[in-house]
Structures are given as structure tokens and as C-alpha cells.
Amino acid sequence: MNKQTRDELISRATQAKKNAYAPYSKFRVGAAILTDDGTIFDGSNVENASYGLTICAERNAVFQAVHAKKRKITAVAVTSDEKTFITPCGACRQVIAEFADPDTEIILITVDGKWKVVKFGKIFPAPPALDKLKK
Ligand code: THU
């Protein structure tokens, strides 16, 4: 990915974090998704008084992309208010896997703006072989 696209994803994820609704955990997360046609979707975490109904920033962004009929994810950026890198939770990895491949770039961003890229295949190395359910 070129620098301009990466910077845009970092900026969108960082901006998206400001829209988080996290009154319970106070843990704000922002995510941005790049789809194969170059469109970027973003999302933040939205919590609920019934805690288990909370949706993570990553899934919020993925669902917006898919709703817009963009079904191929080429990159995911994720940030929080932490000085350390946070990575998508297990549930989000499973949802990302539906629309990504092992080469999809996951951009991890700290609150200070430090970033690093990991391949999706590295953080979700053994996806359940459920493709045949589509047939
Ligand atoms: N959260 C995300 O949005 N993405 C992650 O990758 C980790 C966790 C949210 C869920 C919840 O609102 C808060 O962070 C604390 O877990």
C-alpha cells in the first residue's frame, strides 16, 4: 500500500475513535477498512448496558463496507487510546476473515500515532474451513 493510502487509513481510524460510545469501559476504539476499489469505511465501538451487545469498532466498519456491497477487504486500521498496539479481538478476526485473505494488511496504531503493519494471516493463521457452507 502506498504512503498516502496508509496515512488516510490512520487518519480515518483516529477520527472514528472520537465517535466511540464507550461509557462503560471508557475504552475508545476506531477502525478504518480499505476495500478493493479504494473506498474507505470507518467505525467505532458502540457499547450497551447489556454488555454483551457491544459491537467493536472493527466489526462496525466491516459491516458498513459489506452493507455498501464492498466485500473484499484489503486493509484494516485500528487504534485506541493506548500507548501500546491493540489488535482485533477474536470475534472481529473471524468476521474480517469472511471478507479478507491472509495478505490483508492490518495497521495497528497507538495513541501517539506510532503504527506497524501485520498480515492478517499472521494473526488469524488457521481459519475454520467453512467455505463449503457457501455452496
Ligand atoms: N473493542 C473494540 O472495539 N475493538 C477491539 O479490538 C478490542 C475491544 C472495544 C469493545 C469494548 O467496547 C471496549 O473496546 C472494551 O473491550
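Our subject is the structure listed above.
Since we're looking at a predicted model, the values are computed, not measured.

Would you mind showing me how to read the overall build of the protein here?
Assigned secondary structure in the protein consists of four helices and five strands. Relative to the compact-globule value of 14 Å for 135 residues, the protein shows a C-alpha radius of gyration of 14 Å, a close match. With 135 residues in all, the protein has 40% of them scored as buried. Counting only contacts in the protein whose residues sit at least 6 apart along the sequence, the fraction spanning at least 24 positions is 60%. Of the roughly 7600 Å² of accessible surface on the protein, 53% is carried by carbon and sulfur atoms. The averaged location of the 15 negative side-chain charges in the protein is 2 Å from the averaged location of its 21 positive side-chain charges.

I'm lost on the packing of aromatic side chains in this one. Help?
Aromatic ring pairs are described here by two measures, namely the spacing of the ring centres and the angle between the planes. Enumeration according to the criterion identifies two aromatic pairs in this entry. Here Tyr 24 and Tyr 51 contribute two aromatic rings whose centre-to-centre distance is 5.5 Å and whose plane-to-plane angle is 45 degrees, an arrangement assigned as tilted. Of the two residues, Tyr 24 is situated in the loop between α1 (3–17) and β1 (29–35) and Tyr 51 in the loop between β2 (40–44) and α2 (57–67); the sequence distance between them amounts to 27 residues. You can call Tyr 51 exposed: its relative accessible area is 59%. Ring centres 5.6 Å apart and planes at 25 degrees place the aromatic pair Phe 120 and Phe 124 in the stacked group. The exposure class assigned to Phe 120 is buried, which follows from its relative accessible area of 3%.

What is the right way to read the pattern of salt bridges from this model?
Two side chains bearing opposite charge may form a pair once their charged atoms approach each other closely. Applying the stated criterion across every chain yields a total of seven salt bridges. One salt bridge in this structure joins Lys 72 and Asp 101, with 2.7 Å as the shortest N-O distance. A residue pair is termed long-range when its members are at least 10 positions apart, and Lys 72 in the loop between α2 and β3 (73–80) and Asp 101 in the loop between α3 (90–97) and β4 (105–109) qualify at 29 residues. By relative accessible area, Lys 72 is classed as partly exposed at 32%. Take Asp 101: its relative accessible area is 27%, and that puts it in the partly exposed class. The closest approach of N and O atoms between Asp 103 and Lys 119, which form a salt bridge, is 3.6 Å. Residue Asp 103 is located in the loop between α3 and β4, and its partner Lys 119 is located in strand β5 (residues 115–119); the two are separated by 16 residues in the primary sequence. The exposure class assigned to Asp 103 is exposed, which follows from its relative accessible area of 53%. What you see here is one network of salt bridges that share partners, running through Lys 17, Arg 28 and Asp 81.

The rules we used
Residues numbered from 1 in each chain as written. Predicted model: local features only at pLDDT ≥ 70, side-chain atom pairs only at ≥ 80, totals over all residues. Heavy atoms only, no water. Helix = DSSP H or I, 4+ residues; strand = E, 2+ residues; numbered from the N terminus. Rg over C-alpha atoms; globule rule 2.2 N^0.38 Å. Buried < 20%, exposed > 50% of the residue type's maximum accessible area, 1.4 Å probe, protein only. Contact = heavy atoms within 4.5 Å. Areas by Shrake-Rupley, 256 points an atom, 1.4 Å probe, with all protein chains shown as cover. Lys, Arg positive; Asp, Glu negative; His and termini not counted. Charge placed at Lys NZ, Arg CZ, Asp CG, Glu CD. Phe/Tyr/Trp six-rings, centres within 6.5 Å; stacked < 30°, edge-to-face > 60°. Salt bridge = Lys/Arg side-chain N within 4 Å of Asp/Glu carboxyl O.

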